[in-house]
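Observations on chain architecture
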Amino acid sequence: MTVTTPASVGETKGATRGLPVLGPEGTRLLRLLDDTFEGWGVAAGARPMTMPPLLPAADLARLDYYDNFPHQAVVAAPLDLERRATEPFSADTGCFPTAALEPAALGLPSASCYAVYLTHQGTRVADDTLVTICSWCFRKETHYEGMRRQLGFRMREIVAIGGREHAEGHLAAFTDRIHAFAAALDLPLRKEAACDPFFDKGGSKALLQRLTPVKHEFLYEDLAIASVNTHRNFFGDRCDITLESSGGPAFTSCVAFGLERWLSALTRRHGSWAAATEAVLDANARMRAGASPAAGPVI
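Below: a short report on this structure. What you see is a predicted model; the values in this text were computed from it and never measured.

Our focus in this paragraph is the sheet that holds strand S10 (residues 223-232). The sheet built from seven strands is open, its strands ordered S1-S6-S7-S12-S10-S9-S8 with mixed pairing. The strands lining the two open edges of the sheet, one partner per strand, are strand S1 (47-48) and strand S8 (190-193). Two elements, S10 and strand S12 (residues 251-258), share six bridges in a ladder whose sense is antiparallel. In the strand pairing of S12, Arg232 is matched with Thr252. Taken strand by strand, helix H1 (residues 24-43) contacts S1, strand S6 (128-138), strand S7 (152-162) and S12, and its axis lies near 5 degrees from that of S7.

Our next topic: the environment of Leu101. Note on placement: Leu101 falls in the loop between helix H4 (81-84) and strand S4 (106-108). With a relative accessible area of 28%, Leu101 lands in the partly exposed category. Each C-alpha atom of the pair Leu101 and Arg83 lies 7.7 Å from the other, and the pair is 18 residues apart in sequence. For Leu101, the residues in contact, after removing those within four places along its chain, are Ala77, Pro78, Leu79, Asp80 and Phe96.

Another aspect to go through is the pairing of S6. The buried count for S6 comes to eight of eleven residues, which makes it a mostly enclosed element. Alignment of S1 against S6, held across two bridges, turns out to be parallel. Bridged to Arg47 within S6 is Val131. By the bridge criterion, eleven bridges tie S6 to S7 in an arrangement that is antiparallel. What sits directly across from Ile133, in S7, is Glu157.

It is worth spelling out the pattern of salt bridges at this point. Under the criterion given, the structure shown has 13 salt bridges. Of the charged contacts, one joins Arg269 and Asp186 as a salt bridge, the two residues approaching to 3.2 Å between their closest N and O atoms. Of the two residues, Arg269 sits in helix H9 (residues 259-270) while Asp186 sits in the loop between helix H6 (164-185) and S8, which places them 83 residues apart along the sequence. Arg269 sits in the buried class, given a relative accessible area of 14%. For Asp186, a relative accessible area of 43% puts it in the partly exposed group. Salt-bridge contacts for Glu217 lead to Lys215; the nearest nitrogen and oxygen are separated by 3.7 Å. Note on accessibility: Glu217 and Lys215 belong to one class, buried. Salt bridges sharing common partners tie together Asp34, Glu38 and Arg156.

Calculation criteria
- Residues numbered from 1 in each chain as written.
- Predicted model: local features only at pLDDT ≥ 70, side-chain atom pairs only at ≥ 80, totals over all residues.
- Heavy atoms only, no water.
- Pairing = 2+ DSSP bridges.
- Helix = DSSP H or I, 4+ residues; strand = E, 2+ residues; numbered from the N terminus.
- Contact = heavy atoms within 4.5 Å.
- Axes fitted to C-alpha atoms, helices over the stretch in contact; angles between N-to-C directions.
- Buried < 20%, exposed > 50% of the residue type's maximum accessible area, 1.4 Å probe, protein only.
- Salt bridge = Lys/Arg side-chain N within 4 Å of Asp/Glu carboxyl O.

What follows is the structure, given as C-alpha cells:
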C-alpha cells in the first residue's frame, strides 16, 4: 500500500527551503523512533553521548570532508560588526552580503559520526568501543522536499571504534536488526551499495572502495532511510585513534538512521501518523518478544 504523506508532514512555508516543521503527532513518532534506535545501541553496549552541532572547519578539512562532499557542505560565519554597518542585510535578497561576514571557520556536518571521531582523536580505545549519538545534520541539496530531503535533519548513529572484527561485526549485527525491524513494520526495503565518494577520489582507498563498497543503504521506494558504513582505519589514522590492545590505528564503522526520512516512509506506508505510530509500537513489542521474522520484506 502506498499513500500520500499526511498534509502536516513538511507542508509549511519552510518545507521548500528544507526547513519543515513537525506537529505533535510527528514529534511523538520521531521521538519513538529515536528511542528505539538508541535502545538498540545501548543494548549492544554503546555509550550515549551528545555532540555539538558545529565543528571546526579545519578539522573537517583534515578529514577530506570538503574534498569528498563539497556539494553538500554548509558553513557558518559570524557577522563582522564593523563591515555590517556598510554592508547591511538585504531585504531584497534575504541575505547578508559576504562582505559583512567574518571568515567561515565553522562547519555544519552532514553526518553525526564526524564529531565522534574528532572527540576521540589522540586517544587509545578498547577494541570493542561503541558510541551512540543523535545530532542535527545539514546538507545543501539541489532541491528540498518535505521530510524526504532537507537542509537540516536529525540523524541517529551507532558508531563502532576498535578492532577490525568489532567494526565488521557491528555492521553485520545491525543489518540483521534492520531487516527484522522492517519485517515487523511491514515496510518493504531493499539494500543497495551506495556510491558516495567517501575517500579522496585519487587515492588508493578510493580504488578499494570501488572494488568493495564501504556503504550500503536501505531504501523504501526511492528513499534511503538507513545505512551501514565501514571506514576501515581511515579515521583511526587521521584522528590518531589507537587500540589499547596493539597500539595500532582503530577501525571504525557506523549505522545511521535519518529520522525524518523514516517518518516519510512510515506515513506513506501506513497512511497516517496514528497508524505509523501503532506500527512502530507493535514492531517493538514483537522484537522484544522475539517474534519478528529473521527475513521479511527486505530485498
